[in-house]
Amino acid sequence: MPDRDAHGRLRQYLYRHNPRTRPAKPCPICGASFRQRGASKYCSRTCSARSRTATKVELVCLACGEDYLVHPYRAESSKYCSKKCWSQRARTETCGSCGTEFTAYGSEPRKYCSKPCAAKHMVGARSPAWKGGVTAENERARHSTELREWRLAVYRRDGFRCQDCDSKGGDLHAHHIKYWSTHPELRFEVSNGKTLCVDCHGRVHGRNFRNFKRSAPSTTARRPAEPRPSP
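Residues numbered from 1 in each chain as written. Predicted model: local features only at pLDDT ≥ 70, side-chain atom pairs only at ≥ 80, totals over all residues. Heavy atoms only, no water.

Trainee: Run through the pairing of strand β4 (residues 67–70), naming residues and quoting values.
Mentor: Only one face of β4 is covered, namely the one carrying Tyr68 and Val70; the face carrying Asp67 and Leu69 has none of its residues buried. The pairing of strand β3 (residues 57–60) with β4 spans 4 bridges and is antiparallel. In the sheet register, Val57 faces β4, and the bridge partner there is Val70. The turn joining β3 and β4, which pair antiparallel and follow one another in sequence, is formed by 6 residues; a positive phi near 80° is taken by Gly65. (Buried < 20%, exposed > 50% of the residue type's maximum accessible area, 1.4 Å probe, protein only. Helix = DSSP H or I, 4+ residues; strand = E, 2+ residues; numbered from the N terminus. Pairing = 2+ DSSP bridges.)

Dropping the structure here:
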């Protein structure tokens, strides 16, 4: 026996996809009236192709200066209209450190031909991080004998114990109660120091000092060796 449900579904499919049974609708591109076939939105392939360019953004090529169209998702990254213009993006500039000419690419200006030239030239007042020469003064103070004596005096006053968790010995730090950077006049005052273990000191500053590599000599607290009694 024939499958009546299959025949019914076939009739419904043919009715839905027959353009003669559908009402005419205007094309959103050209405005012409047409009967929709399937899921088409436009009256022809020409209008369908025009719809893909209707939402494009107009930009100016950095190489030739001509206007060109790109999709909106490429509006911020696109800079050249073709591969030919992209290949012509190279320009010649002069290094601000060694004075040699070099080839630069991209739209951003370049001052140096290499990273060694940039590192060699951007020192002192030419560095963007220049703060008036305070770094050398701070480095000399942090490696001075006066700081080592201050640290040992703080340890001896507190009995080589952490003042927060009361642990004794181990990796102890001398913490400045009033910070080193904001109170330079109190850097070597023993009353401004406080003995803390490495974990408690890290909690005060919100850092993990166990992974901190010191460039200065180790500050691990050790008791000075006591003289041996003479025989």
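Trainee: Could you give me a rundown of the environment of Glu146, with the residues and numbers involved?
Mentor: One can find Glu146 in helix α6 (residues 145–157). Given a relative accessible area of 44%, Glu146 falls into the partly exposed group. Taking the C-alpha atoms as reference, Glu146 lies 7.3 Å from Phe188; in sequence the two are 42 residues apart.

Trainee: Tell me what's going on with unusual backbone geometry, and back it up with residues and numbers.
Mentor: Peptide bonds are, in most cases, trans, and in most cases residues other than glycine have a negative phi. Phi is positive for Phe160, which is not a glycine, with a value near 55°. Secondary-structure assignment places Phe160 in the loop between α6 and β7 (172–176). Backbone geometry at Asp166 places phi at a positive 65°, although glycine is not the residue there. For Asp166, the position within the fold is in the loop between α6 and β7. Taking relative accessible area as the criterion, Asp166 reaches 49% and is therefore assigned partly exposed.

Trainee: Summarise the pairing of strand β5 (residues 91–94); cite the residues concerned and give the values.
Mentor: The pairing of β5 with strand β6 (residues 101–104) spans 4 bridges and is antiparallel. Residue pairing across strands places Thr92 opposite Thr103, the latter belonging to β6. Count of turn residues in the β5/β6 antiparallel hairpin: 6 residues, of which Gly99 carries a positive phi of about 80°.

Trainee: Which residues make up the side chain of His176, and what values go with them?
Mentor: As for its placement among the helices and strands, His176 is situated in strand β7. Using a relative accessible area of 10% as the deciding quantity, one classes His176 as buried. At a separation of 2.9 Å, a polar atom in the side chain of His176 contacts the main-chain carbonyl oxygen of Arg187. Those residues in contact with His176 that sit more than four places away from it in its chain are Leu147, Trp150, Leu186, Arg187 and Asn192. (Polar contact = N/O pair within 3.5 Å; in protein donor to acceptor, adjacent residues only side chain to side chain. Contact = heavy atoms within 4.5 Å.)

Trainee: Describe the packing of aromatic side chains, with residues and values.
Mentor: Taken as a whole and assessed by the stated rule, the structure comprises 2 aromatic pairs. Ring geometry for Tyr155 and Phe160: centres 6.1 Å apart, planes at 35°, overall tilted. For the pair formed by Tyr155 and Phe160, the shared burial category is buried. (Phe/Tyr/Trp six-rings, centres within 6.5 Å; stacked < 30°, edge-to-face > 60°.)

Trainee: Explain the confidence of the model for the chain residue by residue, including any values.
Mentor: For the chain, mean pLDDT is 81; residues scoring 70 or higher make up 84% of the total. When pLDDT is averaged over each helix and strand of the chain, the minimum, 71, is found for helix α1 (residues 4–17) and the maximum, 94, for strand β8 (residues 193–197). Under a pLDDT of 50 for its full length, residues 215–220 has, in the predicted model, 11 contacts with residues more than four places off or in other chains. (pLDDT = per-residue confidence, 0-100.)

Trainee: Would you mind going over the pattern of salt bridges in detail, with residue names and values included?
Mentor: Applying the stated criterion to the full structure yields 5 salt bridges. When the shortest N-O distance is used, the salt bridge between Asp158 and Arg157 registers 3.1 Å. Between Lys194 and Asp164 there is a salt bridge, with the nearest N and O atoms lying 3.2 Å from each other. Taken together, the residues Lys194 in strand β8 and Asp164 in the loop between α6 and β7 connect sequence positions 30 residues apart. (Salt bridge = Lys/Arg side-chain N within 4 Å of Asp/Glu carboxyl O.)

Trainee: Residues and numbers for the state of the cysteines, please.
Mentor: As used in these notes, a disulfide is a covalent bond between sulfur atoms, one from each of two cysteines. The final tally for this structure, using the stated rule, is 0 disulfides. Cys30 forms no disulfide, and the closest cysteine sulfur to it belongs to Cys43, at a distance of 3.5 Å. Free of any disulfide, Cys197 has its nearest cysteine sulfur in Cys200, 3.4 Å distant. You can call Cys197 buried: its relative accessible area is 10%. (Disulfide = S-S within 2.5 Å.)

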